[in-house]
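Given next are the chains, with one letter for each unit.
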Amino acid sequence: MELIVYGIKNCNSMKKAFAFLDENDIAYRFHDFKKERLDLESLKAILECISLENLINTKGTTYKKLKEQGIKDITPEVVLRNLSVIKRPLIVSYENGVIQKVTIGLQHLEELL
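Basis of the calculations
Residues numbered from 1 in each chain as written. Predicted model: local features only at pLDDT ≥ 70, side-chain atom pairs only at ≥ 80, totals over all residues. Heavy atoms only, no water. Pairing = 2+ DSSP bridges. Helix = DSSP H or I, 4+ residues; strand = E, 2+ residues; numbered from the N terminus. Axes fitted to C-alpha atoms, helices over the stretch in contact; angles between N-to-C directions. Buried < 20%, exposed > 50% of the residue type's maximum accessible area, 1.4 Å probe, protein only. Core = buried A, V, L, I, M, F, W, Y, C linked by side-chain atoms within 4.5 Å. Contact = heavy atoms within 4.5 Å.

*Asks:* Provide a residue-level description of the sheet that holds strand β4 (residues 98-104), including the pertinent values.
*Replies:* As a general point, the strands of a sheet are linked pairwise by backbone hydrogen bonds and lie either parallel or antiparallel. Spatial strand order, β2-β1-β3-β4: 4 strands in an open sheet with mixed pairing. Only two strands of the sheet have a single partner each, and these edge strands are β2 (29-32) and β4. Ignoring which end each strand starts from, the neighbouring axes of this sheet average 25 degrees apart.

In structure tokens, the structure reads:
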């Protein structure tokens, strides 16, 4: 099983997630949204496991800025152009390249044990 943690390295939630994973010897690969984009196919696969509404951080500044710019509907294409709008940490478990589970937020980290 491969675990990929998606997010932004300097985010406080991400730092807590890294600490939890490291302290519990959970192997993972980090996908930094600031350095690596996310492709539409990967996003669509994630959205088969979790709704777009649950993926979006409506309390964050990116979401608020999008609303101020008059963007009413957050679509997958809008997300791909504004990856900071995704809740963090976004943790995806893969088995043979197929998503097995999607976890969002610090409150669900214990499920990885």
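So, next bit.
*Asks:* Run through the side chain of H31, naming residues and quoting values.
*Replies:* Within the secondary structure, H31 sits in strand β2. Looking at H31, the relative accessible area reads 7%, which means it is buried.

*Asks:* Got a sec to walk through unusual backbone geometry? Specific residues and values, please.
*Replies:* Of note, the amide linkage connecting R88 to P89 takes the cis form, showing an omega dihedral of -5 degrees. Within the secondary structure, P89 is located in the loop between α5 (76-81) and β3 (90-95). Its identity is not glycine, yet D25 carries a phi of approximately 50 degrees, on the positive side. Residue position: D25 is located in the loop between α1 (12-23) and β2. For D25, a relative accessible area of 72% corresponds to the exposed category.

*Asks:* Break down the nonpolar core for me, citing the residues and quoting the values.
*Replies:* By size, the foremost hydrophobic cluster in this structure holds 38 residues, and its most contacted members are Y6, V79, L90, V92 and V102. Elements represented by at least two residues in this core include exactly β1 (2-7), α1, α2 (40-47), α3 (52-55), α4 (61-68), α5, β3 and β4. Look past the residues within four positions of V92 in its chain and what remains in contact with it is E2, L3, I4, Y6, I46, I99, K101 and V102.

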